[in-house]
Amino acid sequence: AALDLTSGDSVMEIGCGTGRNLRFLREAVGARGRVYGVDLSEGMLAKARAFCAGNGWSNVSLVRSEALVYTAPEPLDGILFSLSYATMPHHREVLRHALTQLRPGGRVVIMDAKLPSGRFGRKILPFSLWLMKRTFLGNPLMRPWEHLAADTRDFEMRTFLFDSYYICRGIKPNDATAPAAVAAASVELAS
């Protein structure tokens, strides 16, 4: 819903994995729209391709590629990062590359986990850092919402499950020079 897609739109999920979100993205853009999924893992993409083929979807394109080098074949209305942004070592560059692919007024949504605020978050930080070094989970010290707020307008953020998950959204400015200070000032954290 945060992507605010309509029938005929085009959308890309960066880090689409096994394709769990493709159904929802396809429903939002309809049969006339286009859905692009990008991921580095051939194993995950194989599952996503099988899922799409089993549903007979001809308007979903899946590509094995580094997000920083892939460019969709058309301007996009929305871009989704779902549990993927914090796993990318060059996340800022990926976000900026993604924004170049959006039409003015297009939306970017980042959904992910985060350290809860306050004492509980400080208490689990050592475990989170230990876990990050041994898995593909993202950096718990990263603050993607600040990245998105700095590069977009009309930034919004909501947190869930005791402040441990978030969804944030920003809109590509109509002119490519939205002042970062204005975007950062509009950051609202809701618990």
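Here is a short report on the structure shown in this document. Just so it is clear, the model here is predicted, and its values are computed rather than measured.

1. Examining the overall build of the protein chain
Moving on, step 1. In terms of regular secondary structure, the protein chain is built from six helices and seven strands.
Moving on, step 2. Overall, the protein chain shows an N-to-C arrangement of helices and strands of β-α-β-α-β-β-α-β-α-α-β-β-α.
Moving on, step 3. Across the 191 residues of the protein chain, 46% fall into the buried class.
Moving on, step 4. A fraction of 70% describes how many contacts in the protein chain between residues 6 or more apart in sequence connect residues 24 or more apart.
Moving on, step 5. Roughly 10,200 Å² of accessible area belongs to the protein chain as shown, and the carbon and sulfur atoms make up 58% of that amount.

2. Observations regarding the nonpolar core
Moving on, step 1. Grouped together as the largest cluster of nonpolar side chains are 28 residues, with contacts concentrated most on M12, I14, I79, F81, V108, I110 and C168.
Moving on, step 2. Put simply, the parts of the chain that give this core at least two residues each are β1 (10–14), β2 (34–39), β4 (76–82), α3 (91–100), β5 (102–113), α5 (144–151), β6 (153–160) and β7 (165–171).
Moving on, step 3. Per-element accounting of this core gives the leading share, four residues, to α3.
Moving on, step 4. Discounting chain neighbours no more than four positions away, the residues touching F81 are I14, M88, V94, L95, A98, V108, V109, I110 and M111.
Moving on, step 5. Counting 16 residues, the second-largest nonpolar core is a separate cluster that includes L3, L5, V29 and L80.

3. Let's talk about the environment of N174
Moving on, step 1. Counting through the fold element by element, N174 comes out in the loop between β7 and α6 (180–185).
Moving on, step 2. On a C-alpha basis, the gap between N174 and G105 in space is 6.0 Å, while along the polypeptide they are 69 residues apart.
Moving on, step 3. Those residues in contact with N174, other than ones at most four positions away along the chain, are P104, G105 and R153.

4. A look at α3
Moving on, step 1. Burial of α3 is extensive: seven of the ten residues sit out of reach of the surface.
Moving on, step 2. Of the positions making up α3, those classed as buried are H91, R92, V94, L95, H97, A98 and L99.
Moving on, step 3. Turning to α3, the residues buried within the fold contact β1, β4, β5 and α5.

5. Digging into the pairing of β5
A regular strand places its side chains so that they alternate between the two faces of the sheet.
Moving on, step 1. Inspection of the sheet shows β4 paired to β5 by six bridges, in the parallel sense. Paired with G78 across the bridge in β5 is R107.
Moving on, step 2. Taken together, β4, α3 and β5 constitute a β-α-β crossover, and its handedness is right-handed.
Moving on, step 3. Where β5 meets β7, seven bridges bridge the pair, whose relative direction is antiparallel. Looking at β7, one finds that A113 is bridged to Y165.

6. Here we look at helix α2 (residues 42–55)
Moving on, step 1. Along its 14 residues, α2 runs 20 Å from first to last C-alpha, staying within 8% of the 20 Å computed at 1.5 Å per residue.
Moving on, step 2. Listed in full, the buried residues belonging to α2 are L45, A48 and C52. Down the axis of α2, the sector holding all buried residues measures 60 degrees, keeping them to one side. In α2, the exposed residues that point more than 90 degrees away from the buried face are K47, A50, A53 and G54.
Moving on, step 3. Backbone geometry just downstream of α2 places G56 in the positive-phi region, at approximately 70 degrees.

7. Here we look at the packing of aromatic side chains
Moving on, step 1. On inspection of all chains with the given rule, the structure shows three aromatic pairs.
Moving on, step 2. Judged by centre distance (5.3 Å) and plane angle (85 degrees), the ring pair of F81 and Y85 falls under edge-to-face. For the residue pair F81 and Y85, the accessibility class agrees, reading buried in each case.
Moving on, step 3. For the ring pair W145 and Y166, a centre distance of 5.0 Å and an interplane angle of 75 degrees mean the geometry is edge-to-face.

About the criteria used
- Residues numbered from 1 in each chain as written.
- Predicted model: local features only at pLDDT ≥ 70, side-chain atom pairs only at ≥ 80, totals over all residues.
- Heavy atoms only, no water.
- Helix = DSSP H or I, 4+ residues; strand = E, 2+ residues; numbered from the N terminus.
- Buried < 20%, exposed > 50% of the residue type's maximum accessible area, 1.4 Å probe, protein only.
- Contact = heavy atoms within 4.5 Å.
- Areas by Shrake-Rupley, 256 points an atom, 1.4 Å probe, with all protein chains shown as cover.
- Core = buried A, V, L, I, M, F, W, Y, C linked by side-chain atoms within 4.5 Å.
- Pairing = 2+ DSSP bridges.
- Right-handed = clockwise from strand over helix to strand, strands pointing away.
- Expected span 1.5 Å × (residues − 1).
- Arc of directions from axis to C-beta.
- Phe/Tyr/Trp six-rings, centres within 6.5 Å; stacked < 30°, edge-to-face > 60°.

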